[in-house]
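Secondary and tertiary structure notes
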Amino acid sequence: MRQSEAVLSGAAAEGRPKSRRKPRLRSSDKELSLLALPAAIYIFVFSYLTMFGVIIAFKNYRYDKGIWGSEWVGLANFEFFFLTEKAYIVTRNTVLYNVWFFIVTTLCALLVAVLLNEISRKWSKYYQTVMFLPTFVSWVVIMYLAEIFLHHDYGFINQVLQAFGAERVRWYLEPANWPAILTVAHLWKSIGFSALVYYAGIVAIDPSYYEAARIDGATRFQMVRKITIPMLAPLITILLIMNIGSMFRGDFGLHFFVSGNSPLLYNSVDIIDTFVYRALSVSGDTSMAAAVGLYQSLVGFVLVVAANYVVRKINEENSLW
Amino acid sequence: MNESALKGGRVSNAIFHLFFVLLSIGILAPFLLIVSVSLTDEKALAEFGYSFIPSRFSLVAYDFILQSPAALLRAYGNTIFITVIGTVLSLLLTSMVAYVVSRRDYRLRVPLTVYIFFTMLFSGGLVPFYILMTQYLHLKDSLWAIILPGMLSPFYVLIMKGFMGKIPHELIESTKVDGASERRIFFQMILPLSTPALATLGLFIAFNYWNEWFNALLFIDNDKLVPLQLLLVRIMNTLDFLRNNSEYIQSLGLDMSQLPNESMRMALVILVAGPMMFIFPFFQKYFVQGMTVGSLKG
């Protein structure tokens, strides 16, 4: 439904008088369609078919009966989820971690990018290479890296704590520390890439602005504040919209592996994605997992459309569409 | 231009460099620590814990793994297979559809674009995907279960389309006048012209396949089909299981203390992640170029 509307409005927006002629396909159009066909089929199977699959959320799904054969249960799966306090906890965690990660990463990446621009190209390349390394490491490997610091008996942090006469901490049993640990892990992995995005944005700024500012006697700090940051604002806005759209989607690997999937930590590290995964693969509650997944997708969809609408109202240039 | 922009002088430069040196140390530390642990004698670990310099140097962990490398080699084979086949197919699929969308004179351009990019906004979620893969496509315990899901990303189509859209239309027109079919234009002209974009995107895609664990976690049970990342997950789980079930081990008559447990796990991580860690930094500059190829607005 939505889709056909979008197609119509999109075609209307094109609004060329030519298109009023009957849009008969020329032979080149047919040939091009043939080129696009494999991808179109792929997208149909892997994206659109799974969209239809959301009806599982309204059924009591049984593998032996299939999607059509399973009985309808209305909103029971949603009730089941929302009546537990789990719904509140995972939603809160997902949103708070996302907001927090966005703030921390943006600030740190901006700082790093601005400083990178202040040192010579040669050195900035070396530092960038180092910062980029964690980008190439999977969360599974990071699970081991984290353990090396946090292991109760052998872990590096506990070694240091003990050397200073402090008590060892059972990291994997204490939920209170985990927001901080996940923040460090997330920042460690993403700083290189994020800083590069902003650095590319800074390099693209017309140098004549800086020259003019220098002639007026601006200091480095003033140039950063009055030129660099405002010029990066559109980029930051776009990343913000994309982030708002995925506010209900967390990084499964970060929350699942880095915490060692320890049940004692669920309250402070669990997000919607890990919850759905466990509901599906451990407790086997397929329909409830589907209901939670649908809730996640719907809210995400509304958020991204709303965010884009608001941005377009303020400044059309910065919106995604 | 950068050098001339410098105004603050040497003191602030030194401070900046100090900042970056500290940052670099912070980023490298976990890698150094894991290398050190893998090279430390197991008993020394129990005595002194993990530290940056091996308290007692030992290669036993590597010895132990390389004595029976079958599982590791098979995991390497699986991962290489997934990465190569996945990347090639994915590039082909992506570039074909991106080219069509980039053609301004294609009559179905708008509906096709909406059809592709709507999937970025809404998805059915994990459960319908899981059921589709297992119940309808019957891909459980197949390497295709890892290759297929990541094959086409709308975001990559967007990047590719941006690149192909810059190829002058006159070029395509003139080839057409010469009587070439669209398919021929694409394979013999557009694809070769797009090599830089293909290389960049291919790198991203290959990297994703190499590090893929999620679909493996969901769909692979068969020991023979385990890729590298899943191997690491399994090792972690197995050792947790053994540690938490000491009675079970005693019933098996295994002596856990003989196993270079901790150092072996870390050595395995290095054997799994190490090669890529060395290779990828060399491609870093292409990643940086790729960022500008597919640059966001502005």
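Since the structure is predicted, the reported quantities are computational estimates derived from the model, not experimental observations.

With respect to the overall build of chain A
Each helix and strand in chain A was counted, giving 15 helices and 2 strands. The C-alpha atoms of chain A give 25 Å as radius of gyration, which overshoots the globular expectation for 321 residues (20 Å, by more than 25%). C-alpha atoms of chain A, sized along the principal axes, occupy 70 × 60 × 35 Å. Taking all 321 residues of chain A together, 51% fall into the buried category. The long-range fraction of contacts in chain A, counting pairs at least 24 apart against all pairs at least 6 apart in sequence, stands at 64%. As presented, chain A carries roughly 15,900 Å² of accessible surface, and 66% of it is formed by carbon and sulfur atoms. With 28 positive and 22 negative side-chain charges, chain A shows a spacing of 9 Å between the two charge centroids.

Description of the overall build of chain B
For chain B, the count of helices and strands is 16 helices and 0 strands. With 298 residues in all, chain B has 52% of them scored as buried. Once local pairs closer than 6 in sequence are excluded, the contacts in chain B between residues at least 24 apart make up 71%. If you sum the accessible surface of chain B, you get close to 14,400 Å²; carbon and sulfur atoms cover 66% of it.

A word on the packing of aromatic side chains
Counted according to the given criterion, the structure contains 40 aromatic pairs over all chains. The interplanar angle of 65 degrees and the centroid separation of 6.2 Å between the aromatic rings of Phe301(A) and Phe118(B) together place this pair among those described as edge-to-face. Linking Phe301(A) in helix 15 (residues 286-314) with Phe118(B) in helix 6 (residues 109-121), this pair reaches from one chain into another. Neither residue differs from the other here; Phe301(A) and Phe118(B) are each classed as buried.

Thoughts on unusual backbone geometry
The phi torsion at Asn261(A) lies on the positive side, around 50 degrees, for a residue other than glycine. Secondary-structure assignment places Asn261(A) in the loop between helix 12 (252-257) and helix 13 (266-269). At His138(B), a position not held by glycine, the phi torsion is positive, near 50 degrees. Within the element layout of this structure, His138(B) appears in the loop between helix 7 (126-136) and helix 8 (144-147). Note on His138(B): relative accessible area 60%, which makes it exposed.

A look at the side chain of Arg278(A)
All names here are of chain A. Assignment of secondary structure puts Arg278 in helix 14 (residues 272-281). Look at Arg278 and you get buried, because its relative accessible area is 12%. Contact partners of Arg278, with chain neighbours within four places excluded, come to Lys86, Asn261, Tyr266, Asp270, Ser283 and Gly284.

A few points about the interface of chain A and chain B
With 106 residues of chain A in contact, the opposing surface of chain B contributes 104 residues. On the chain A side of the contact with chain B, Phe136(A), Tyr144(A) and Tyr154(A) bury the most area, a combined 9% of that side's loss. In this assembly, chain A and chain B are joined by 1 salt bridge. Ionic pairing is found between Arg265(B) and Glu147(A), a salt bridge with its closest N-O pair at 2.9 Å. By residue number, the principal contributor to the side of chain A that touches chain B is helix 2 (residues 27-52) of chain A, which donates 20 residues. For the side of chain A that touches chain B, the per-class residue count stands at 73 nonpolar, 21 polar and 12 charged.

Reading the values: the criteria
- Residues numbered from 1 in each chain as written.
- Chains lettered and ligands numbered in written order.
- Predicted model: local features only at pLDDT ≥ 70, side-chain atom pairs only at ≥ 80, totals over all residues.
- Heavy atoms only, no water.
- Helix = DSSP H or I, 4+ residues; strand = E, 2+ residues; numbered from the N terminus.
- Rg over C-alpha atoms; globule rule 2.2 N^0.38 Å.
- Buried < 20%, exposed > 50% of the residue type's maximum accessible area, 1.4 Å probe, protein only.
- Contact = heavy atoms within 4.5 Å.
- Areas by Shrake-Rupley, 256 points an atom, 1.4 Å probe, with all protein chains shown as cover.
- Lys, Arg positive; Asp, Glu negative; His and termini not counted.
- Charge placed at Lys NZ, Arg CZ, Asp CG, Glu CD.
- Phe/Tyr/Trp six-rings, centres within 6.5 Å; stacked < 30°, edge-to-face > 60°.
- Buried area = accessible area lost by both parts, 1.4 Å probe.
- Salt bridge = Lys/Arg side-chain N within 4 Å of Asp/Glu carboxyl O.
- Nonpolar A, V, L, I, M, F, W, Y, C, P; charged D, E, K, R; others polar.

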